[in-house]
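Residue strings, one per chain:
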Amino acid sequence: MSEPARSSRAEVGRRVTHRRYVPYSHAHYAGNLVDGAYSLAAFGDVATEMCIMTDGDEGLFASYSDVQFKAPVRAGDVIEISAEIVRVGSRSREMAFEVRVVGRGSSDRGPSAADLLDPPIVATTARGVVVVP
């Protein structure tokens, strides 16, 4: 017997958000800068959760478009990564992604000092399309 078809809960405006600390082991450049691939990997994580939540499947990334690196992400940052569905097709889901730096180390005050940022810094944005079975 085949399994019954699942109905999708994908809808425009549905949003997933993760927060994470950026470890110093991910710094690749002077000034503890983290490469842009770190943000893209984080986008993949929120997209995967979105697909599981809406369609009961991890889905597969088909494409990224309009990737923009607007501000640096540094080791020691606390980032917030979000995905929002902006278009729903029969098997495709287009999402808008954003990485915001919500916390940053403040080494001038001490080696472990840090501050929450208000407002957060928008570091990376992109659009992406995933497909689900």
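Quick caveat: nothing in here was measured; it's all calculated off a predicted structure. (Residues numbered from 1 in each chain as written. Predicted model: local features only at pLDDT ≥ 70, side-chain atom pairs only at ≥ 80, totals over all residues. Heavy atoms only, no water.)

Engineer: Describe the sheet that holds strand β5 (residues 78-88), with residues and values.
Structural biologist: Taken in spatial order, the five strands make up an open sheet running β1-β5-β6-β7-β4, and their pairing is antiparallel. Because the sheet does not close on itself, it has two edges, and the strands there are β1 (15-21) and β4 (60-69). Across this sheet, the average inter-strand angle for adjacent strands is 25°, counted without regard to direction. Taken together, the ten bridges between β5 and strand β6 (residues 92-105) define a ladder with antiparallel strand orientation. Within the sheet, the bridge partner assigned to Arg87 lies in β6 and is Glu94. The strands touched by helix α1 (residues 37-55) within the sheet are β1, β4, β5, β6 and β7 (114-131), with β1 carrying the most contacts at an inclination of about 140°. (Pairing = 2+ DSSP bridges. Helix = DSSP H or I, 4+ residues; strand = E, 2+ residues; numbered from the N terminus. Axes fitted to C-alpha atoms, helices over the stretch in contact; angles between N-to-C directions. Contact = heavy atoms within 4.5 Å.)

Engineer: Run through unusual backbone geometry, naming residues and quoting values.
Structural biologist: Peptide bonds are trans in most cases, and residues, glycine excluded, mostly fall at negative phi. The peptide bond linking Asp118 to Pro119 adopts the cis configuration, its omega dihedral lying at 10°. Note on placement: Pro119 falls in strand β7. A positive phi is found at Asn32, a non-glycine position, where the angle reads about 60°. Here Asn32 lies in the loop between β2 (27-29) and β3 (33-34).

Engineer: Go over the pattern of salt bridges with me, naming the residues and quoting the values.
Structural biologist: The final tally for this structure, using the stated rule, is eleven salt bridges. With a closest N to O distance of 2.9 Å, Arg19 and Glu80 form a salt bridge. Note that Arg19 is positioned in strand β1 and Glu80 in strand β5, a separation of 61 residues in sequence. Between Arg109 and Asp115 there is a salt bridge whose closest N-O contact spans 2.8 Å. Classification of Asp115 by relative accessible area gives partly exposed; the value is 34%. One continuous salt-bridge network, built from bridges that share partners, spans Arg19, Glu80, Glu98 and Arg100. (Salt bridge = Lys/Arg side-chain N within 4 Å of Asp/Glu carboxyl O. Buried < 20%, exposed > 50% of the residue type's maximum accessible area, 1.4 Å probe, protein only.)

Engineer: Give a description of a nonpolar patch on the surface that names residues and reports values.
Structural biologist: Where nonpolar side chains cluster on the molecular surface, the patch consists of Phe61, Tyr64, Val67 and Phe69 and spans about 340 Å² of accessible area. Turning to its location among the elements, Tyr64 is positioned in strand β4. With relative accessibility at 33%, the residue Tyr64 sits in the partly exposed group. (Patch = residues over 30% accessible without salt bridge, like charges linked within 9 Å, V, L, I, M, F, W, Y side chains within 5 Å. Areas by Shrake-Rupley, 256 points an atom, 1.4 Å probe, with all protein chains shown as cover.)

Engineer: Now, about the pairing of β7: what can you tell me, with residues and values included?
Structural biologist: When β4 meets β7, the two strands line up antiparallel, connected through seven bridges. From the neighbouring strand, Phe61 faces β7, where its bridge partner is Val130. In this sheet, β7 lies alongside β6 in antiparallel orientation, the contact comprising 13 bridges. For Gly103, the partnering residue across the bridge sits in β7 and is Leu116.

Engineer: Residues and numbers for the environment of Glu11, please.
Structural biologist: In this structure, Glu11 sits in the segment before β1. For Glu11, a relative accessible area of 43% puts it in the partly exposed group. Along the primary structure Glu11 and Thr54 are separated by 43 residues, whereas in three dimensions their C-alpha atoms are 8.3 Å apart.

Engineer: Help me get a handle on the pairing of β5, residues and values and all.
Structural biologist: Sheet analysis places β1 next to β5, joined by seven bridges and oriented antiparallel. Within β5, the position partnered with Tyr21 by the bridge is Val78. A loop of three residues connects β5 with β6, the two strands running antiparallel in sequence.

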